[in-house]
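Chains, contacts and geometry: an overview
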Amino acid sequence: MADSAETRKLVYLVTGGCGFLGEHVVRMLLQREPRLYELRVFDLHLGPWLEELKTGPVQVTAIQGDVTQAHEVAAAVAGAHVVIHTAGLVDVFGRASPETIYEVNVQGTKNVIEACVQTGTRFLVYTSSMEVVGPNIKGHPFYRGNEDTPYEAIHRHPYPCSKAQAERLVLEANGRKVHGGLALVTCALRPTGIYGEGHQIMRDFYHQGLRLGGRLFRAIPASVEHSRVYVGNVAWMHVLVAQELEQRAALMGGQVYFCYDESPFKSYEDFNMEFLGPCGLRLGGTRPPGAHRLGRGPALNALLEWLLRPLLLYAPLLNPYTLAVANTTFTVSTDKAQRHFGYKPLFSWEDSRTRTIRWVQAVEGSAP
Ligand SMILES: NC(=O)c1ccc[n+]([C@@H]2O[C@H](COP(=O)([O-])OP(=O)(O)OC[C@H]3O[C@@H](n4cnc5c(N)ncnc54)[C@H](O)[C@@H]3O)[C@@H](O)[C@H]2O)c1
Ligand SMILES: C[C@@H](CO)CCC[C@@H](C)[C@H]1CC[C@H]2[C@@H]3[C@H](O)C=C4C[C@@H](O)CC[C@]4(C)[C@H]3CC[C@]12C
């Protein structure tokens, strides 16, 4: 690939660039976008690893900032050709208030859109989520669905509600005139549950298993299937979309794409065991009787919380909402990204699995 000053012209901004997904997007851009001149990494908390990236041919600019602050966002966006907006408050565990979740996920996204419009940035890629679709509050399964599959997307939890609102804002902004008179081109990527190097929940399960003497206890039936997607492939999709958005604006503008790869459909726990098993953990025990039928509807929540008391060890991760999500089949089968912008997973399932196992093994012994 050419690597001269003439070919390096583009300025990219990645919001949330120090998060789990954001770091992979940043590293992928440096590896796979030869036209990159400057990469701005915007995050509330900057990672020390950014320093090592500053010695390469691309100017890496670390910006400590808050997406809820419109002036900070506008300053970071000014002069960028492409914005990849991954920053978000990923909280389904009740750690943050609903107001804070909306402030970051919805107002933060509004600020990004307005900054693009004011400063003349034309290309905006938004990291949405499968949760914009489902599982819904009725616990309806979504089985091998695609972007056009009819599904009642009804939510109450602040996280999916905020992601859905933000996604709608991004898609509605497609075609708006930006400073200078050209049209904004936007699209949204909807990852299913992401896994891979840096996945905090996987790390938590691993440490929990170690504390329990090498065992984890099954809490959901193996028949409930989930789609999962490797973080490297999600990052690659973001980079590819960003690269193709200009040439294929008419086709891709205002579109949504599920993020998918060759990872197998399995229950959440069985899938995690693909990595935790080779690291020495076993999955055993029985799930609470009838637990898979619960977690649906507010009337059952109190009963569910009572039933969950024996599983207190899981308490930080388990609540009626997360149990309902874990207990509802949600699998995606689509080729839209391939048809629209030529996406093929960069990492095979074997590769994704090996990389994740190596990472879990390296986590061993590190503080939880
Ligand atoms: N992890 C998943 O399984 C998953 C699945 C689907 C979609 N997503 C979406 O992907 C995106 C990234 O998720 P992640 O799993 O990497 O989460 P993460 O928490 O690791 O990363 C989010 C990043 O955003 C930053 N951030 C949070 N609030 C901010 C603010 N006010 N201003 C600036 N930066 C802020 C955080 O510091 C963090 O670095 C999110 O938008 C999330 O909704 C994640
Ligand atoms: C029954 C428990 C003990 O073994 C396991 C509980 C697992 C839950 C904590 C997770 C099950 C499904 C996860 C969610 C899903 O993968 C998709 C998501 C979308 C994304 O936008 C944010 C994260 C998440 C909501 C993810 C969160 C954790 C689960 C609910």
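Residues numbered from 1 in each chain as written. Chains lettered and ligands numbered in written order. Predicted model: local features only at pLDDT ≥ 70, side-chain atom pairs only at ≥ 80, totals over all residues. Heavy atoms only, no water.

You'll find the chain entered in an unreviewed UniProt entry as 3 beta-hydroxysteroid dehydrogenase type 7, with Panthera tigris altaica given as the organism. The annotation that UniProt attaches to the chain under Sequence similarities (unreviewed entry) is "Belongs to the 3-beta-HSD family." Listed under Subcellular location (unreviewed entry) in UniProt, the entry text for the chain is "Endoplasmic reticulum membrane". (UniProt positions renumbered as here; feature names shortened; annotations may be inferred.)

Brief notes about the site of ligand 2
Around ligand 2 lies a shell of 21 residues, among which Ser129, Glu131, Tyr159, Gly193 and Glu269 are the nearest. The contact in question runs from an oxygen atom of ligand 2 to an N or O atom on the side chain of Tyr159, over 2.5 Å. The separation between an oxygen atom of ligand 2 and a polar side-chain atom of Glu269 is 2.5 Å. When ligand 2 is considered free in solution it has 630 Å² of accessible area, and contact with the protein chains removes 93% of it. For the shell around ligand 2, the secondary-structure elements that each account for two or more residues are α6 (200-211), α9 (268-276) and α11 (320-326). Considering each element in turn, the shell around ligand 2 owes the most residues, four residues, to α11. (Near = heavy atom within 4 Å. Polar contact = N/O pair within 3.5 Å; in protein donor to acceptor, adjacent residues only side chain to side chain. Areas by Shrake-Rupley, 256 points an atom, 1.4 Å probe, with all protein chains shown as cover. Helix = DSSP H or I, 4+ residues; strand = E, 2+ residues; numbered from the N terminus.)

Quick word on the site of ligand 1
The environment of ligand 1 is made up of 25 residues, and the closest members are Leu21, Asp43, Asp66, Tyr159 and Lys163. At 3.3 Å, a backbone N or O of Leu44 approaches a nitrogen atom of ligand 1. Lys163 places a side-chain nitrogen or oxygen 2.8 Å from an oxygen atom of ligand 1. Within the complex, 85% of the 820 Å² of free accessible area of ligand 1 lies under protein. Counting residues per element, the ones that place at least two in the shell around ligand 1 are α1 (20-32), α5 (158-172) and β8 (193-195). Of the residues contributing to the shell around ligand 1, the split by class is 11 nonpolar, 11 polar and three charged. (Nonpolar A, V, L, I, M, F, W, Y, C, P; charged D, E, K, R; others polar.)

Observations concerning the UniProt feature "domain: 3-beta hydroxysteroid dehydrogenase/isomerase" (unreviewed entry) in the chain
Per the UniProt entry, the sites bearing "domain: 3-beta hydroxysteroid dehydrogenase/isomerase" (unreviewed entry) are residues 13-284 in this numbering. Taken end to end, residues 13-284 is 37% helix and 20% strand, and its first and last C-alpha atoms sit 45 Å apart.

Points about the state of the cysteines
For the coordinates displayed, the defined rule picks out zero disulfides. Free of any disulfide, Cys18 has its nearest neighbouring cysteine sulfur in Cys116, separated by 19 Å. (Disulfide = S-S within 2.5 Å.)

Observations regarding the packing of aromatic side chains
Scanning the entire structure with this criterion turns up 15 aromatic pairs. Summarising the aromatic geometry, the rings of Phe142 and Phe258 are spaced 6.1 Å apart at their centres and angled 55° between planes, so their arrangement reads as tilted. Taken together, the residues Phe142 in strand β6 (residues 142-145) and Phe258 in strand β11 (residues 255-259) connect sequence positions 116 residues apart. Taken as a pair, Phe142 and Phe258 share a single burial class, namely buried. (Phe/Tyr/Trp six-rings, centres within 6.5 Å; stacked < 30°, edge-to-face > 60°. Buried < 20%, exposed > 50% of the residue type's maximum accessible area, 1.4 Å probe, protein only.)

Considering helix α4 (residues 98-119)
Between its first and last C-alpha atoms α4 spans 30 Å; for 22 residues at 1.5 Å apiece the expected length is 32 Å, and the two agree. A maximum bend of about 25° is found in α4 at Gln107. Among the residues of α4, Ile101, Val104, Asn105, Val106, Gly108, Thr109, Asn111, Val112, Ile113, Ala115, Cys116 and Val117 are the ones counted as buried. Its buried side turned inward, α4 meets α3 (70-77), β4 (82-85), β5 (123-127) and α5. Taken from the residues just after α4, Gly120 is the one with a positive phi, measuring 90°. (Expected span 1.5 Å × (residues − 1). Bend = angle between axes of the 7 residues up to and from the residue. Contact = heavy atoms within 4.5 Å.)

Side note on the nonpolar core
The nonpolar side chains of soluble globular proteins are, as a tendency, buried together. Core analysis: the largest hydrophobic core is formed by 70 residues, its most contacted members being Tyr12, Leu29, Leu39, Ile84, Leu276 and Phe341. With nine residues, the top contributor of residues to this core is helix α7 (residues 231-244). For Ile84, the contacting residues outside a window of four places in its chain are Tyr12, Leu13, Val14, Thr15, Val25, Leu29, Val125, His238 and Ala242. In terms of nonpolar packing, the next biggest core, distinct from the first, is built from 26 residues, Ala87, Val104, Val178 and Ala188 among them. (Core = buried A, V, L, I, M, F, W, Y, C linked by side-chain atoms within 4.5 Å.)

Quick notes on the packing of α9 against helix α13 (residues 349-363)
Closest axis-to-axis distance for the α9/α13 pair is 8 Å, and the angle between their directions is 70°. When the interaxial angle is binned, α9 and α13 end up roughly perpendicular. Contacts from Phe271, Glu274, Phe275 and Leu276 of α9 reach α13 at Trp349, Arg353, Thr356, Ile357 and Val360. Along the lines of polarity and charge, the residues of the contact of α9 with α13 split into six nonpolar, one polar and two charged. (Axes fitted to C-alpha atoms, helices over the stretch in contact; angles between N-to-C directions. Parallel < 35°, antiparallel > 145°, perpendicular 65-115°, else oblique.)

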